[in-house]
Amino acid sequence: WWWDERVSARFRRNLQPTLTYWSVFFSFGLCIAFLGPTLLDLRCQTQSSLSQITWVFFSQQFCLLLGSCLGGVFKRTLAQSLLALFASSLAISLVFAIIPLCHNVLVLAVVMAVAGLAMGCIDTISNMQLVKIYQKDSAIFLQALHFFVGFGALLSPLIADPFLSDTNCILANGTANASSNLPHIRKSLLPHHPGNLSHYDLPMKGLVVTRVSYAFWIMALINLPVPIAVFFLLYKERMVPCWNGSSHPLLSADELALETRPGDKDELSSAAQRPHTAAGHEDLFSCCQSQNFRGASFTYFAVHITGALVLFMTDGIVGEYSGFVYSYAVEEPLAVVHKVAGYLPSLFWGFITLGRLISIPVSYRMKPATMVFINVVGVLITFLLLLIFSSSVVFLFVGTASLGLFLSSTFPSMLAYTEDILQYKGCATTVLVTGAGIGEMVLQLLVGSIIHDRGSYSFLVCGMIFGCLAFTFYALLVFFHRMYPKPSPELDEASPDKAAVPEDTGQYQR
């Protein structure tokens, strides 16, 4: 390994749960990106209008946000967390299998709402569990976790592409004229934003000739190993309801000796006997209960709020840029050919995935705070250059790639940084995941309405403003970090290694 022996030992000790959480996040990525390119074929399948079918986007995004808020409800014990992940990942496979059977747009919206709830639970629980397992060393594993989102988000459109209709998939009179608009409309839907499609008129009645069902059945099969992996982890830890298989503890005595000194054995034994609960990592509603605020300082709240606002802005930029960069490119003054402009969203998501891959080794050598600083400054500079060279098609592609790289590691780095400030207490993971989800939804809607009223150039102006706000909130977070009370010297001696061992041991006890 290119990291030190202590981190390598912790990874080997927690190999199965870590790989399981990574695979579950692949399932999340697989589900988040398929809707854009397949939506026109789903419109044909449900024989609905474009304005009706785009409500499916809203149902998925809204329930994803709701699932992120409620995810902590299932996190009070490890058994509840794994059962929730098993149910969520299995639900995604079932959603893929059921979508071809949905011939009514309302039924399809309900099915996608279920998928959104499952994705939200996966988002919150997987982030929380990795933070709890690795604590001070969590940054590198969070970077890897979010790489799998990007990998899944890249894979699902590739699976769908061979089965998409080249011409309008409802054969009726006037089909030829409507079909000429189909590539442009499809690109307007990438990666998961409906855009303004009210002026397109496509037939709603006729012979349906779509083959997109095969894509969803393939994705259902590809995703099926994920709930199986979660079930194996449940079985190994003897947490399958009404089925207690025999297994050995995850933490063997030899591995424990690598990190634990003899003087710690009594403390470790008592810690392992305590029932494991998710103290400090509750759902959003539990976080807001008054008893959690007793004795908390002003900076405690300020760290939560400013951290969430940074991700509100940066994840909002990801949503609005990926949703509208195609529409911006095909309008004046750039007037990029539709087929060429269609590569921009793919380029953006491709460099987000590449950036997350690069961030895995970088995060081991660089502090999360430094990575977030580089990210927000890079976003600002990129938008500034995009504004300066707004008439250059070449720089639009360069800027899109640059923006993807700088935004790629913001979420996991910010999560690791904020949890580190709070010494893994409080509700940082839940608040940050929720803030990021709200930002992606709200800023997409805001930018869409502004572009409609003010023109395409406002797309870059909005990005610049959001980047400035992200940098401002990050500066405030650093300020409150300096004010936040430091842990006592006794805790410093025990943290992260001594304190992390009871956490690891208790992590996988019934």
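Keep in mind that this is a model prediction, so the values were computed, not measured.

## As for the overall build of the protein
Link 1 in the chain: Regarding its fold elements, the protein presents 25 helices and 2 strands.
Link 2 in the chain: The buried share among the 510 residues of the protein stands at 58%.
Link 3 in the chain: Sequence separation of 24 or more characterises 84% of the internal contacts of the protein that already satisfy a separation of 6 or more.
Link 4 in the chain: Within the structure as shown, the protein displays about 21100 Å² of accessible surface, and the carbon and sulfur contribution to it stands at 67%.

## Some thoughts on the environment of Q423
Link 1 in the chain: With respect to the helices and strands, Q423 occurs in the loop between α21 (410-421) and α22 (428-454).
Link 2 in the chain: When the C-alpha positions of Q423 and K136 are compared, they lie 8.8 Å apart, and in sequence the two are 287 residues distant.

## Concerning a nonpolar patch on the surface
Link 1 in the chain: Taken together, W55, F58, F62, L66 and L117 make up a surface patch of nonpolar side chains, about 480 Å² in accessible area.
Link 2 in the chain: If one sorts the elements of the nonpolar patch by residue count, helix α5 (residues 55-70) sits on top with 4 residues.

## Digging into the pattern of salt bridges
Link 1 in the chain: Throughout the structure, instances matching the rule amount to 3 salt bridges.
Link 2 in the chain: Across the pair R10 and D137 runs a salt bridge, and its minimum N-O distance is 2.9 Å. On the criterion of sequence distance, the pair formed by R10 in helix α1 (residues 5-13) and D137 in the loop between α7 (105-134) and α8 (138-160) is long-range, its members being 127 residues apart.
Link 3 in the chain: By relative accessible area, R10 is classed as buried at 1%.
Link 4 in the chain: Assessed through its relative accessible area of 13%, D137 is described here as buried.
Link 5 in the chain: Measuring nitrogen to oxygen at the nearest pair gives 2.5 Å for the salt bridge that ties D420 to K136. Within this pair, whereas D420 is found in helix α21, its partner K136 is found in the loop between α7 and α8, the two being separated by 284 residues in sequence.
Link 6 in the chain: Here K136 falls in the partly exposed class, since its relative accessible area comes to 38%.
Link 7 in the chain: Each of the salt bridges in this network shares a partner with another, and the network as a whole consists of R6, R10 and D137.

## A word on the side chain of T418
Link 1 in the chain: Along the polypeptide, T418 turns up in helix α21.
Link 2 in the chain: With relative accessibility at 0%, the residue T418 sits in the buried group.
Link 3 in the chain: In contact with T418, not counting residues within four places along its chain, are V303, G307, A428, L432 and L477.

## With respect to the environment of S27
Link 1 in the chain: By secondary structure assignment, the location of S27 is in helix α2 (residues 15-32).
Link 2 in the chain: Separated by 199 residues in sequence, S27 and V226 place their C-alpha atoms 7.0 Å apart.
Link 3 in the chain: Setting aside residues up to four positions removed in sequence, S27 forms contacts with S89, I92, N223 and V226.
Link 4 in the chain: Here the side chain of S27 touches N223 through a polar contact of 2.5 Å, side chain to side chain.

## Quick look at the side chain of S409
Link 1 in the chain: Here S409 shows up in the loop between α20 (393-408) and α21.
Link 2 in the chain: A polar contact of 3.1 Å, which involves the side chain of S409, links it to the side chain of N375.
Link 3 in the chain: Among all residues touching S409, those that are not within four sequence positions of it are Q143, S359, M371 and N375.

## Quick look at the packing of α7 against α22
Link 1 in the chain: Here α7 crosses α22 at 145°, and the two axes come no closer than 10 Å. Every pair of crossing elements has a handedness; the one defined by α7 and α22 is right-handed. From α7, D123, T124, N127, M128 and V131 reach across to α22, where they touch T429, T430 and V433.

## Examining unusual backbone geometry
The phi angle of most residues is negative, glycine excepted, and most peptide bonds adopt the trans form.
Link 1 in the chain: A cis amide bond, omega 10°, links E332 with the succeeding residue P333.
Link 2 in the chain: Along the chain, P333 turns up in the loop between α16 (298-330) and α17 (338-341).
Link 3 in the chain: For Q47, which is not glycine, the phi torsion reads 50° and is therefore positive.
Link 4 in the chain: Mapping Q47 onto the fold places it in the loop between α3 (35-46) and α4 (50-53).
Link 5 in the chain: Residues other than glycine seldom take positive phi values, yet Q135 does so here, at roughly 45°.

## Observations concerning the packing of aromatic side chains
Link 1 in the chain: Inspection of every chain in the model, using the stated rule, returns 27 aromatic pairs.
Link 2 in the chain: Geometrically, the ring pair formed by F86 and F231 is tilted, given 6.0 Å between the ring centres and 50° between the ring planes. Here the residue F86 occupies a position in helix α6 (residues 78-98), and F231 occupies one in helix α12 (residues 225-236), the gap between them amounting to 145 residues.
Link 3 in the chain: For F231, a relative accessible area of 24% puts it in the partly exposed group.
Link 4 in the chain: Note on F373 and Y474: the rings are 6.3 Å apart at their centroids and 40° apart in plane angle, and the pair reads as tilted. Placement of F373 in helix α19 (residues 368-388) and of Y474 in helix α23 (residues 458-483) is noted, with a sequence separation of 101 residues between them.

## Regarding the environment of L40
Link 1 in the chain: Tracing the backbone shows L40 in helix α3.
Link 2 in the chain: Sequence-wise, L40 and L50 are 10 residues apart; in three dimensions their C-alpha atoms are separated by 7.9 Å.

## Focus on the confidence of the model for the protein
Link 1 in the chain: This prediction gives the protein a mean pLDDT of 78; 75% of its residues lie at or above 70.
Link 2 in the chain: Between the elements of the protein, mean pLDDT differs from a low of 37, seen in helix α14 (residues 265-273), to a high of 95, seen in α19.
Link 3 in the chain: Note that residues 174-178 has pLDDT below 50 and, in this model, 5 contacts with residues that lie over four places away or in other chains.
Link 4 in the chain: Across residues 489-510, where pLDDT falls below 50, the model places 47 contacts with residues more than four positions away in sequence or in other chains.

## Regarding α22
Link 1 in the chain: Here α22 spans 37 Å end to end across 27 residues, near enough to the 39 Å set by a 1.5 Å rise per residue.
Link 2 in the chain: Phi for G455, located one or two positions after α22, is positive at around 100°.

Calculation notes
Residues numbered from 1 in each chain as written. Predicted model: local features only at pLDDT ≥ 70, side-chain atom pairs only at ≥ 80, totals over all residues. Heavy atoms only, no water. Helix = DSSP H or I, 4+ residues; strand = E, 2+ residues; numbered from the N terminus. Buried < 20%, exposed > 50% of the residue type's maximum accessible area, 1.4 Å probe, protein only. Contact = heavy atoms within 4.5 Å. Areas by Shrake-Rupley, 256 points an atom, 1.4 Å probe, with all protein chains shown as cover. Patch = residues over 30% accessible without salt bridge, like charges linked within 9 Å, V, L, I, M, F, W, Y side chains within 5 Å. Salt bridge = Lys/Arg side-chain N within 4 Å of Asp/Glu carboxyl O. Polar contact = N/O pair within 3.5 Å; in protein donor to acceptor, adjacent residues only side chain to side chain. Axes fitted to C-alpha atoms, helices over the stretch in contact; angles between N-to-C directions. Left-handed = near helix turned anticlockwise from the far one by under 90°. Phe/Tyr/Trp six-rings, centres within 6.5 Å; stacked < 30°, edge-to-face > 60°. pLDDT = per-residue confidence, 0-100. Expected span 1.5 Å × (residues − 1).

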